[in-house]
Amino acid sequence: VSVSWRFPVVAHVPPYPRVPPAGFSQVISPEKTEPTVSPEEIQTELDEEMENDICKVWDMSMDEDVALFLQEFNAPDIFMGVFAKSKCPRLTEICVGILGNMACFQDICMSISKDENLGQMLLQRLCDSDSPTLLETSRLLLTCLSQPEVANVWVERIRENPSVYDCVCFIMSSSTNVELLVKVGEVVDKLFDLDEELMLNWIKNGTCRSVGPSVDDSPEELPDFKIVPCILEAAKQVRSDNPEGLDVYMHILQLLTTVDEGIQAIVQAPDGGKETWSLLYDLVCHELCQPDDPPIIVQEQKTVLASILSVLSAMFASQTEQEYTKMKKSNVKLPFSCYFILDMPLIGSLIRILQYMEDCGKRSVDNSKESEQQETGRADLNEEDFHLKILKDICCELLSNMLQELTKENTLEGLHQGHLNEQTCSCAFQNLLPLYFASVETFLEVLREADQTLADNLEKRFPSLKVHA
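The structure displayed is predicted, hence computed values, not measured ones.

A. Quick peek at the state of the cysteines. The tally for this structure, following the rule as stated, stands at one disulfide. Of all cysteine sulfurs, the one in C169 lies closest to C230, which takes part in no disulfide; the gap is 4.0 Å. For C230, a relative accessible area of 3% puts it in the buried group.

Structure follows, in structure tokens:
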């Protein structure tokens, strides 16, 4: 079927390939509105027939031939007129959505991305007050950022447009639309992954008001946003309804911890990082990988767990260093003052994750034997093993750091609560040795003071840990 037939059928117009759909230009080209029309009479709603026709074009634009035809028809230029003058939110949403579909094809994406005027207008849509338009704009941006040929064009454009930071933070901190929050999170995650400089700018951006182009429908008053509280607020909104969205926001936090400025933005917040720690602690100890879950759950949750534990590990290391600095300056050994420093339920959760991974490891070996002749099956298993190894490495690092800070009182508390016993300690030692020998040895010395019998039993199971008096 020819393109010249498909488009007119969708738009209900005669079959001429270069003629716009009937009524289409009238709605999306406000400059053709009769001069006698007052501002109050400007169309803000699409009539049902027109909406149906344009939505058919939207659906059809997922076809490459239709997308190419729309490009030849100069649809992007027409859409710029919509963005500049239309007061109809539904029309704006549809036009951005059509562009989003068109951008899925590389050549068209390159054409759209290199149009500076169109690019700026699309970024301004991030300040729109209409959630569906924001969703389609975010989808379009993510599509472009995912194309290596044009990703840098958009990163540079966003870096030079400070209002994007304000608009994105406003959405993350105030929206209750889970679908929108997830898509905006994916955009931020992609941006931070692509460009560390932009991430650093956004981390530092909370201390000063950014000045961007004025947008009529943008929020009138925007506070001085800080990136970490906005991320946390969005994560709280999506955590119950969208596990994939939670994964996205936890990965954003993890990316922040890859630079010193990001760690400091978390731990030097007015609350000292308490809100961040509390959220992540609650996820690990009360929501993910729970005692009543089957061990295989760790496969499903491995990426989000790795992100969360990575952030907790970075926070723990940073705060521990600050505490030691305080002790050194005072020349007195003081008790740790951090609210999270010696949390036994978290230690119990870390060991449980390791236990579940051991079980998954045994299943993986069994499955690999069954699929020895199946290349695809082996590849999937290798990928699973890779992600589990990352999770194990992060988990062991945090556990070792926490164990070596335990006091006799903390250890007694852990024994009393059931987080520490011969089974859990054996699992911990099995995973921590030999890499974290010093941490295990330090913990065993403290354990001996709290429970001599348990320490002796562990020493017998791990002869290399003989503690010298």
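B. Representation of empty space enclosed by the protein in the model. One pass over the full model with this rule turns up one cavity of 30 Å³ or more. Taken together, L126, S138, L141, I158, V164, V168, V184, V187, L191 and W202 form the lining of the largest cavity. Looking at which domains feed residues into the lining of the largest cavity, each of domain 1 (47-160) and domain 2 (162-206 + 224-261) gives three or more.

C. Broad picture of helix α13 (residues 196-204). Buried residues of α13: L198, M199, L200, W202 and I203, and no others. Its buried side turned inward, α13 meets α10 (151-159), α11 (163-174), α12 (178-194), α14 (227-238), α15 (243-256) and α16 (260-267).

D. The nonpolar core, seen in detail. The biggest cluster of nonpolar side chains holds 142 residues, and the ones touching the most others in it are M172 and W202. If you tally residues by element for this core, the top one is helix α18 (residues 297-330), at 12 residues. Composition of this core by domain shows at least three residues from each of domain 1 (47-160) and domain 2 (162-206 + 224-261). Ignoring any residue separated from it by four or fewer positions in sequence, one finds W202 in contact with I158, V164, Y165, V168, V188, L191, F192 and I227.

E. Examining the pattern of salt bridges more closely. This model, assessed by the stated rule, comprises 14 salt bridges. Linking K183 and E186 is a salt bridge whose minimum nitrogen-to-oxygen distance equals 3.1 Å. Here K183 and its partner E186 are both found in helix α12, three residues apart, which amounts to about one turn of the helix. Each of E51, R90 and E93 takes part in one network of salt bridges that share partners.

F. How the structure looks around the packing of α11 against α12. Following both chains from N to C, one finds α11 and α12 inclined at 140°, their axes separated by 10 Å at the closest point. With respect to α12, the element α11 is oriented oblique. Our pair here, α11 against α12, has a crossing hand that is left-handed. The segment α11 lies against α12, with V168, I171 and M172 engaging L180, L181, V184 and V188. A breakdown of the residues in the contact of α11 with α12 according to their chemical character gives seven nonpolar, no polar and no charged.

G. Representation of helix α9 (residues 131-145) within the structure. A rise of 1.5 Å per residue sets the reference length of α9, with its 15 residues, at 21 Å; its end C-alpha atoms lie 21 Å apart and thus fit the reference within 8%. For α9, the buried fraction is high: 12 of the 15 residues fall into the buried class.

What counts as what
- Residues numbered from 1 in each chain as written.
- Predicted model: local features only at pLDDT ≥ 70, side-chain atom pairs only at ≥ 80, totals over all residues.
- Heavy atoms only, no water.
- Disulfide = S-S within 2.5 Å.
- Buried < 20%, exposed > 50% of the residue type's maximum accessible area, 1.4 Å probe, protein only.
- 1 Å grid on protein atoms, 1.4 Å probe; cavity = no way out; pocket = protein on both sides within 12 Å on 5 of 7 lines; lining within 4 Å.
- Points joined across faces, edges and corners; volume = space filled by probe spheres on them.
- Domains from an automatic or database assignment.
- Helix = DSSP H or I, 4+ residues; strand = E, 2+ residues; numbered from the N terminus.
- Contact = heavy atoms within 4.5 Å.
- Core = buried A, V, L, I, M, F, W, Y, C linked by side-chain atoms within 4.5 Å.
- Salt bridge = Lys/Arg side-chain N within 4 Å of Asp/Glu carboxyl O.
- Axes fitted to C-alpha atoms, helices over the stretch in contact; angles between N-to-C directions.
- Parallel < 35°, antiparallel > 145°, perpendicular 65-115°, else oblique.
- Left-handed = near helix turned anticlockwise from the far one by under 90°.
- Nonpolar A, V, L, I, M, F, W, Y, C, P; charged D, E, K, R; others polar.
- Expected span 1.5 Å × (residues − 1).

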